Amino acid sequence: MNDTLESQLAGVTTKPGVYLYKNAEGKIIYVGKAKNLRSRTRSYFQSSKNHSPKTVVLVGQIESMETIVAGGELEALVLESNLIKRHRPR
């Protein structure tokens, strides 16, 4: 994990919302939603977690992230759906 990503993770709120993971080229490679953005985004980088092979590959490609705070879970769900349609992450 690089310093930029670590500092980004350190500043994540506990509010609900959507998170976008980006690769070295700045391309969005994953869009997800969370009730608690801080705990959800950090969970990807905890080595004690039993991640699937697919998740391990994803985490290896993450260079930066962005979060968007939503008004609630429903708003986060709609926002996630719209962002997936717009950016079409693999």
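Structural data are supplied above this passage.
Presented here is a report on the structure given in the accompanying data block. Just so we're clear, the structure is a prediction, and the values are computed from it rather than from any experiment.

A full pass over the atoms with the stated rule returns 1 salt bridge. Of the charged contacts in the structure, one is a salt bridge between Glu-66 and Lys-22, with a shortest N-O distance of 2.9 Å. Here Glu-66 is found in strand S3 (residues 64-69), whereas its partner Lys-22 is found in strand S1 (residues 17-22), with 44 residues between them in sequence. Classification of Glu-66 as partly exposed rests on a relative accessible area of 35%. According to the relative accessible area criterion, Lys-22 is buried, its value standing at 18%.

To continue, consider helix H4 (residues 73-87). For H4, built from 15 residues, the straight-helix expectation of 21 Å at 1.5 Å per residue is met to within 8% by its first-to-last C-alpha distance of 21 Å. Turning to H4, its buried residues number three or more, namely Ala-76, Glu-80 and Leu-83. One side of H4 carries all its buried residues, which in axial view fall inside an arc of 70°. Facing away from the buried side of H4 by more than 90 degrees, the exposed set consists of Leu-74, Lys-85 and Arg-86. Buried-residue contacts for H4 involve S1, strand S2 (28-34) and S3.

Rules used in this analysis
- Residues numbered from 1 in each chain as written.
- Predicted model: local features only at pLDDT ≥ 70, side-chain atom pairs only at ≥ 80, totals over all residues.
- Heavy atoms only, no water.
- Salt bridge = Lys/Arg side-chain N within 4 Å of Asp/Glu carboxyl O.
- Helix = DSSP H or I, 4+ residues; strand = E, 2+ residues; numbered from the N terminus.
- Buried < 20%, exposed > 50% of the residue type's maximum accessible area, 1.4 Å probe, protein only.
- Expected span 1.5 Å × (residues − 1).
- Arc of directions from axis to C-beta.
- Contact = heavy atoms within 4.5 Å.

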